[in-house]
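Given next are the chains, with one letter for each unit.
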Amino acid sequence: MNWLSDITPPGIKKIFRKRDDGSDTLWTKCKSCEEMIFQKDLAGTQHVCPSCGHHMKIGPTERLDLLFDEGSWEKIDLPDVPADPLKFKDEKKYSDRLRDYRKRTGEKDALVIGSGTLNSIPMVCAVQNFAFMGGSMGMGLGEGLIKAAETALEKKCALVVFTASGGARMQEGILSLMQMPRTTIAVQMLREAGLPYIVVLTNPTTGGVTASYAMLGDVHLAEPGALIGFAGPRVIEQTIREKLPEGFQTAEYLNEHGMVDMVVPRHEMKDALSKLVRVLTKHGAKVSSVAAIAAPEEAPVEEVEVEILDKAAE
């Protein structure tokens, strides 16, 4: 197979073939700088634009492949829940929507859980799938997060959650909102066991997810440029009738105002997480600055140090 295969039949057809979402199979346009990027090059940069650094969305399987050692991890099945408890219907039946998204994504719900090692450290990781109904939180996701916490308790290891959601799933009504206190209890179980619970906020993280487990981590990391908040900026502006500050609700803005501990680029995430877990568990010694965890070894430690207690995981 060589470059001629891409410009001669049947290879030439690939140039004009479209994906199910209407995008090109060979090129992707960056939503930030609008540069056209070759798909194979984009995969090599972990779907980060090489020109402007914009972090594009990636699927949960690819996320876990990048995170765990040698891309090897064990998938943990989500618990079964009632498919359509309220018999909800708007433009189409909720049961039909679920069937469509399960076929489209190949996943049971908007959460994928994996167990493996990260730089030789045992870890459980749960990743929300924004491609599955906007990563919305329903009973399936709630039960999945509880399952992830129980697995971390069983393995006596840290739990890392990558959030990406538009909020609670309206098709499940109050049953969806009930997942907010239930997932909070799951986080408390980890805390009582002295196990680290780390949250990585990705674009976007909003609604009931932000109001529950997404903001209960021992440490909060975020990808650059991620939108993080409860209500969206347009809703807030329409409510208070004022113009919001530039960059409001971005990861960088929240980091400056103390809501996020660190903003970590995707290619540095694996090392940052492993260093954090070593700090918070028996796998490593204490360090004196959270900022030093994500910084390169040659970078100076910031003057303002954040004390990490000997029993930070408790």
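Going by the structure above, here's the rest.
Below is a short write-up of the structure. All of these numbers come straight from a predicted model, not from anything done at the bench. (Residues numbered from 1 in each chain as written. Predicted model: local features only at pLDDT ≥ 70, side-chain atom pairs only at ≥ 80, totals over all residues. Heavy atoms only, no water.)

**Comments concerning a nonpolar patch on the surface**
The line we're drawing: Patch membership needs two things, relative accessible area over 30% and no salt bridge, and members are linked within 9 Å if like-charged or within 5 Å if nonpolar (Val, Leu, Ile, Met, Phe, Trp, Tyr). Computed with a 1.4 Å probe, the accessible areas rest on the Shrake-Rupley method; for each residue, only the protein chains presented here act as cover. When a carboxyl oxygen of Asp or Glu is within 4 Å of a side-chain nitrogen of Lys or Arg, the pair counts as a salt bridge. Under the scheme used here, helices are H or I runs from DSSP no shorter than 4 residues and strands are E runs no shorter than 2 residues, and both carry numbers assigned from the N terminus.
Taken together, the side chains of Ile-174, Leu-177 and Met-178 present a nonpolar region at the surface, about 280 Å² in accessible area. Along the polypeptide, Leu-177 turns up in helix α6 (residues 173-177).

**So, the sheet that holds strand β7 (residues 197-205)**
The condition that has to hold: Should DSSP find at least two bridges between two strands, the strands are taken to pair. In what follows, residue pairs with any heavy atoms lying within 4.5 Å of each other are defined as contacts. All axes are obtained by fitting lines to C-alpha atoms, using only the stretch in contact for helices, and the reported angles, taken between N-to-C directions, cover 0 to 180 degrees.
The mixed open sheet is built from 7 strands, whose spatial order is β3-β4-β5-β6-β7-β8-β9. Edge positions in the sheet fall to β3 (73-76) and β9 (262-263), since each has one partner strand and no second. Two elements, β3 and strand β4 (residues 111-118), share 4 bridges in a ladder whose sense is antiparallel. Following the sheet pairing, Ile-76 is matched in β4 by Ile-113. Of the strands in this sheet, β4, β5 (121-128), β6 (158-165), β7, β8 (219-222) and β9 are in contact with helix α11 (residues 269-280), which crosses β7 at around 150 degrees.

**Describing the pattern of salt bridges**
By the definition in use, this model includes 13 salt bridges. Linking Glu-237 and Lys-243 is a salt bridge whose minimum nitrogen-to-oxygen distance equals 3.8 Å.

**Re the side chain of Arg-266**
The cut-off we apply is this: Buried residues are those whose accessible area, probed at 1.4 Å on protein chains only, stays under 20% of the maximum for their type, while exposed residues exceed 50% and partly exposed ones sit between those limits.
As for its position among the elements, Arg-266 is in the loop between β9 and α11. Given a relative accessible area of 5%, Arg-266 falls into the buried group. Dropping the residues within four chain positions of it, Arg-266 is found in contact with Gln-46, His-47, Val-48, His-55, Met-56, Ile-58, Arg-63 and Glu-223.

**Quick word on helix α7 (residues 179-192)**
In plain terms, the rule: Between the first and last residue of a helix there are one fewer steps than residues, each counted as 1.5 Å, and that sum is the expected span. Note that the arc is computed from the directions linking the helix axis to the C-beta atoms.
With 14 residues, α7 should cover 20 Å at 1.5 Å per step; its first-to-last C-alpha distance of 20 Å lies within 8% of that length. If you check which residues of α7 are buried, you get Gln-179, Thr-183, Ala-186, Val-187 and Leu-190. Taken end-on, α7 shows its buried residues confined to a sector of 95 degrees, consistent with a single buried face. Turned more than 90 degrees from where α7 packs its buried face, Ile-185 and Glu-192 sit exposed. In this structure, the buried side of α7 is in contact with α5 (139-155), β6, α6 and β7. Directly after α7, the chain includes Gly-194, whose backbone phi takes a positive value near 75 degrees.

**Regarding the environment of Trp-73**
What counts, and what does not: Here a polar contact is taken to be a pair of N or O atoms separated by no more than 3.5 Å, where protein atoms must pair a possible hydrogen donor with a possible acceptor and residues adjacent in sequence count only if both atoms sit in side chains.
Relative to the helices and strands, Trp-73 is located in strand β3. For Trp-73 and Gly-114, which are 41 residues apart along the polypeptide, the C-alpha to C-alpha distance reads 6.0 Å. With sequence-adjacent residues up to four places away left out, Trp-73 is seen in contact with Thr-61, Leu-64, Asp-65, Phe-68, Val-112, Ile-113, Gly-114 and Ser-115. Within the structure, the side chain of Trp-73 is placed 2.8 Å from the side chain of Asp-65, a separation counted as a polar contact.

**Looking at the pairing of β5**
Here is the rule: Handedness of a crossover is defined as follows: orient the strands so they point away from the viewer, and if the path from the first strand over the helix to the second runs clockwise, the crossover is right-handed.
Within β5, 7 of the 8 residues are buried, which leaves it mostly tucked inside the rest of the structure. Here β4 runs beside β5; their pairing, made up of 8 bridges, is antiparallel. Residue pairing in the sheet places Leu-118 in a bridge with Ile-121 of β5. Hairpin connection of β4 to β5: 2 residues between the antiparallel strands, including Asn-119 at a positive phi of 50 degrees. The pairing of β5 with β6 spans 5 bridges and is classified as parallel. Residue pairing across strands places Val-124 opposite Leu-159, the latter belonging to β6. With respect to chirality, the unit in which β5 leads through α5 into the neighbouring parallel β6 is right-handed.

**Let's talk about the pairing of β8**
Side chains Val-219 and Leu-221 project from β8 onto one buried face, and the interleaved His-220 and Ala-222 project onto a second face that is buried too. Strand direction decides the pairing type here: β7 and β8, joined by 4 bridges, are parallel. Residue pairing across strands places Ile-198 opposite Val-219, the latter belonging to β8. Pairing analysis gives 2 bridges linking β8 to β9, with the strands arranged parallel. Pairing of Ala-222 across the sheet is with Val-263, part of β9.

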